[in-house]
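# Understanding the architecture of this molecule
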Amino acid sequence: MMERTREERLAALREARVVLVSACLLGEACRYDGKSKGSSPVIRALEGKEVVPMCPETGAGLGIPRPAVELRGGTGEAVLEGRAQAVVAATGEDRTKEFRYGAELALKAAQRFGATVAVLKERSPSCGTQGTHVDGVVVPGRGVAAALLHSAGIIVISDEEL
Ligand code: SF4
C-alpha cells in the first residue's frame, strides 16, 4: 500500500465524506486508563462529515479500564503477519487475538459505512499511525488496527497531524 505525504493525507481528509475516528478522540472514556482524549482539532476537522466512531480494544471485549498493552517483537504489521504479539505490559499475558479481532471490527466498520479516511490516536498499540509501543519503547510504525486499515487502502491520519 502506497505511503502518502502528510499534505496528501490532509487533502484526503478534507475531501472525505465519511471518516472513521478513534472514539477516545471524540471524548469517549474508552481508554485503558478509563479516560478519554477528546481533541478539539480533530472535532474541528470533522465538521460537516459523517463520523464513524470506533474503539478496537473495547470492541474486542477488553474492558474499561484494562491493563496497558504493548506490542512484542514488532509493530502492527508484524502482529497481523503472526511475527509479533500484543501482550499486557505488566504481566506478558497474550492479547494478540483480541487486538486482531478489534482491528477487523474497525475495518468492517470503515467498509460498511464507506469511510475512506481514518483519524486515529497516536502511539496506541491499536490506533497509532506514526509510532507505537513495542518492547517498552515508542518506535516508528503502526498499531494493529491502523496497520490493517492501511493495508486495506484506508488513509490513516494521526490526531497529532491535525
Ligand atoms: S486509542 Fe484506539 S484502542 Fe485506544 S481507546 Fe482510543 S480508540 Fe480505543
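Details of the structure are given in the entry above.
The paragraphs below set out a description of the structure included in this document. Chains are numbered independently. Their residues run from 1 in the order of the written sequence. In view of the model being predicted, local features appear only for residues whose pLDDT reaches at least 70, and side-chain atom pairs are presented and counted only at 80 or more, with totals across whole chains, interfaces and linings using the full set of residues. Working from all heavy atoms in the structure, the side-chain values ignore hydrogens and water.

### What to know about the environment of Ser22
In DSSP terms, a helix is any run of H or I states spanning at least four residues, a strand is any run of E spanning at least two, and both are numbered starting from the N terminus. Looking at where Ser22 falls in the secondary structure, it is placed in strand β1 (residues 18-22). Relative accessible area decides the class of each residue, using a 1.4 Å probe on protein chains only: under 20% of the type maximum gives buried, over 50% gives exposed, and in between gives partly exposed. A relative accessible area of 1% means that Ser22 is categorised as buried. Each C-alpha atom of the pair Ser22 and Thr129 lies 12 Å from the other, and the pair is 107 residues apart in sequence. Discounting residues that sit within four places of it in the chain, Ser22 has contacts with Met54, Val119, Leu120, Lys121 and Cys127. Counted as a polar contact is a pair of N or O atoms within 3.5 Å, where, for protein atoms, one must be capable of donating a hydrogen and the other of accepting one, and residues adjacent in sequence contribute only when both atoms are in side chains. In this structure the side chain of Ser22 is engaged in a polar contact, spanning 3.1 Å, whose partner is the backbone nitrogen of Lys121. For this analysis, residues touch if any pair of their heavy atoms sits within 4.5 Å.

### Quick look at the side chain of Arg142
Among the secondary structure elements, Arg142 is positioned in the loop between β7 (137-140) and α6 (144-151). Given the relative accessible area of 12%, Arg142 is considered buried. A polar atom in the side chain of Arg142 sits 3.3 Å from the side chain of His150. Each residue touching Arg142, except ones within four places of it in the same chain, is listed here: Glu3, Leu71, Thr75, Gly76, Glu77, Gly128, Thr129, Thr132, Ala147, His150 and Val156.

### Looking at helix α1 (residues 6-15)
Of all the positions in α1, only Arg9, Leu10, Ala12 and Leu13 are classed as buried. Down the axis of α1, the buried set is contained in an arc of 155°. They therefore lie on one face. Within α1, the exposed residues directed more than 90 degrees away from the buried face are Glu7, Arg14 and Glu15. Contacts made by the buried residues of α1 are with β1, α2 (40-45), β5 (117-120) and β8 (155-158). Think of the arc as the fan of directions from the helix axis to the C-beta atoms.

### Looking at the nonpolar core
In this description, a nonpolar core means a group of buried Ala, Val, Leu, Ile, Met, Phe, Trp, Tyr and Cys residues linked to one another through side-chain atoms lying within 4.5 Å. In terms of nonpolar packing, the biggest core is built from 30 residues, with Leu20, Ala118, Leu120 and Leu149 touching the most fellow members. At 6 residues, the largest contribution of residues to this core is made by helix α5 (residues 96-113). Contact partners of Leu149, with chain neighbours within four places excluded, come to Leu20, Ala106, Leu107, Ala110, Ala118, Leu120, Ile154 and Val156. Ala12, Ala16, Ala23 and Cys24 belong to the second-largest nonpolar core, a separate cluster that totals 17 residues.

### What about a nonpolar patch on the surface?
A surface patch of nonpolar side chains, about 200 Å² in accessible area, is lined by Leu26, Ile43 and Val51. With respect to the secondary-structure elements, Ile43 resides in helix α2. Judged by relative accessible area, Ile43 falls into the partly exposed class, the value being 42%. Like charges within 9 Å and nonpolar side chains (Val, Leu, Ile, Met, Phe, Trp, Tyr) within 5 Å are joined into patches, using only residues over 30% in relative accessible area that form no salt bridge. The accessible surface values rely on the Shrake-Rupley method and a 1.4 Å probe; as for residues, cover is taken only from the protein chains in view. By convention in these notes, a salt bridge is any Lys or Arg side-chain nitrogen within 4 Å of a carboxyl oxygen on Asp or Glu.

### Some details on the pattern of salt bridges
Tallied over the entire structure, the rule returns 10 salt bridges. Notably, a salt bridge pairs Glu57 with Arg66, separated by 2.9 Å at the nearest N-O pair. There is no split in this pair, since Glu57 and Arg66 are both buried.

### Looking at the state of the cysteines
Two cysteine sulfur atoms make up a disulfide if the distance between them is within 2.5 Å. Applying the stated criterion across every chain yields a total of 0 disulfides. Distance from the sulfur of Cys30, which forms no disulfide, to the nearest cysteine sulfur (Cys55) is 4.0 Å. Relative accessible area serves as the criterion here: at 3%, Cys30 is assigned to the buried category.

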